[in-house]
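# Reading the structure
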Amino acid sequence: VIGLDIGSHSLKVVELKKSRTDITLVSCGVKKIPKDTILEEQHGVLRELLREAGVISNKVKTSVSGKDIITRYDVFPAMNKTALVHSLKFEHEKYIPLPLAECIVDIDIIGKRPNGTMDALIVSAKKDYIQERVNLVKRSGLLPQAITTDAIALYKGFVESPFFSKNVSFVLLNLGFSVTNLIIVKEGELIFSRDINIGGDNFNKSIADNLGIPIDDAEKMKIESPNDSVMEALAIDLNSLISEAELSIAYSRKNHGLSNIECVYLSGGSSRLAGLTNILGNALEMKIDFWNPFIKLKKGKNSPILEKNFYDLVLALGIALS
């Protein structure tokens, strides 16, 4: 199966083959989307990526995130999924701020509590937003199998990685081009997720505006040679990202009994900002590290691509595993 990460800056694919004993990485690849190419026109780029990566399958899973996706976590009396769906029909306005006829809604029971209640995740998206992604997949000659959220895909990838442990808690930060996905895992369970509208594009624009340089030069500078002036230009964006992370962690401590956090793990193309681990570590007073979920997989011909781009491909892997 193929995991397809449809980003705002690039397309990423990971193709896996599963057996009873292991998972093999069949192919993978990353391709930048030409500037000003709208989603409906990206099927040509996707076809090129599939050809260059040597993708075999035509069965695709993808994911969604950002302002067009409404995610709600809440506590309900313990019941099965059918009963929960039925009950939500009468109080959906509390969780879904759109007419039901315009939305696609899905529900997942995360876990049950000892006091006779359970945690549930409710996700809704406009039908048009979902259909655009289905159309892209079909126009590329592929068969859409499932759509998940970035948060759930990242969680699935993390659970399958050697970094996961059921006994401790973690924070995942996936820094994309326009959105950062924040996921909190408590003792093996996904308890909180949100999308923060800060990413690599914000970093590039801040550097370009403050230093008076072209946007392409700003992108190179933030990774290859960030100096004091670059970090000063990024101060507002980084402080906003840190503040949003602190609020999310504080909320989870209060509402989900989150205690010690083992590590904050980074992924996504924008996590390559030089010095980011030190900045986050000092601000959050936590261990910051990268996680490479591909370590556990059997690998084929795409190892060189993987070594250079594993930051970017983490989400696509999680989608394939979802």
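Anyway, here's the lowdown on the structure attached to this text. (Residues numbered from 1 in each chain as written. Predicted model: local features only at pLDDT ≥ 70, side-chain atom pairs only at ≥ 80, totals over all residues. Heavy atoms only, no water.)

## Brief notes about the environment of Val 314
Secondary-structure assignment places Val 314 in helix 10 (residues 303-321). For Val 314, a relative accessible area of 1% gives the class buried. Once the C-alpha coordinates of Val 314 and Asp 289 are considered, the two residues, 25 residues apart in sequence, prove to be 14 Å apart. Ignoring sequence-local partners within four residues, the contact set of Val 314 consists of Leu 154, Ser 267, Trp 291, Pro 293 and Phe 294. (Helix = DSSP H or I, 4+ residues; strand = E, 2+ residues; numbered from the N terminus. Buried < 20%, exposed > 50% of the residue type's maximum accessible area, 1.4 Å probe, protein only. Contact = heavy atoms within 4.5 Å.)

## Examining the packing of aromatic side chains
Pairs of aromatic rings are described using the distance from one ring centre to the other and the angle between the two planes. In total, this model carries eleven aromatic pairs according to the counting rule given. Both rings, one in Phe 158 and one in Trp 291, keep their centres 5.3 Å apart while their planes meet at 85°; by these two values the pair is edge-to-face. One end of the pair, Phe 158, is in helix 4 (residues 150-159); the other, Trp 291, is in the loop between strand 13 (288-290) and strand 14 (298-299), with 133 residues separating them in the sequence. We note that Phe 158, like Trp 291, is buried. Through a chain of ring-to-ring contacts, three or more aromatic side chains come together here, namely Phe 158, Phe 163, Phe 164, Phe 170, Tyr 265 and Trp 291. (Phe/Tyr/Trp six-rings, centres within 6.5 Å; stacked < 30°, edge-to-face > 60°.)

## Examining the packing of helix 5 (residues 200-211) against helix 6 (residues 215-224)
Helix 6 packs onto helix 5 with a crossing angle of 110° between their chain directions and a minimal axis gap of 8 Å. Looking at the two axes, helix 5 sits roughly perpendicular to helix 6. Remark: the crossing between helix 5 and helix 6 carries right-handed chirality. On the side of helix 5, the interface is formed by Gly 200, Phe 203, Asn 204, Lys 205, Ile 207, Ala 208 and Leu 211, while helix 6 contributes Ile 215, Ala 218, Glu 219, Met 221 and Lys 222. Here the residues of the contact of helix 5 with helix 6 are counted per class, giving seven nonpolar, two polar and three charged. (Axes fitted to C-alpha atoms, helices over the stretch in contact; angles between N-to-C directions. Parallel < 35°, antiparallel > 145°, perpendicular 65-115°, else oblique. Left-handed = near helix turned anticlockwise from the far one by under 90°. Nonpolar A, V, L, I, M, F, W, Y, C, P; charged D, E, K, R; others polar.)

## Quick notes on the nonpolar core
Counting residues in each nonpolar core, the largest one holds 30 residues, and the members touching the most others are Leu 182, Ile 184, Val 264 and Leu 266. Elements represented by at least two residues in this core include exactly strand 9 (169-175), strand 10 (180-186), strand 11 (189-196), helix 5, helix 8 (235-256), strand 12 (261-267) and helix 9 (276-284). Examining the composition of this core, we find that five residues originate from one element, helix 8, more than from any other. Apart from residues no more than four positions distant in its own chain, Val 264 is found in contact with Val 171, Leu 173, Leu 284, Met 286, Lys 287, Ile 288 and Asp 289. Ala 153, Tyr 155, Ile 183 and Leu 190 belong to the second largest nonpolar core, which has 27 residues in total. (Core = buried A, V, L, I, M, F, W, Y, C linked by side-chain atoms within 4.5 Å.)

## A few points about the pattern of salt bridges
Under the defined criterion, the tally for this structure stands at eleven salt bridges. Its salt-bridge partner being Arg 133, residue Glu 132 comes within 3.6 Å of it at the nearest N-O pair. Given a relative accessible area of 33%, Glu 132 falls into the partly exposed group. Arg 194 is the partner of Glu 244 in a salt bridge, and the nearest nitrogen-oxygen pair spans 2.7 Å. Taken together, the residues Glu 244 in helix 8 and Arg 194 in strand 11 connect sequence positions 50 residues apart. Three or more residues are tied together by salt bridges with common partners; here these are Lys 31, Glu 48 and Glu 52. (Salt bridge = Lys/Arg side-chain N within 4 Å of Asp/Glu carboxyl O.)

## Looking at unusual backbone geometry
If you check the backbone angles, Asp 36 has positive phi at about 65° while not being a glycine. Considering the arrangement of structural elements, one finds Asp 36 in the loop between strand 3 (23-32) and helix 1 (43-53). For Asp 36, a relative accessible area of 71% corresponds to the exposed category.

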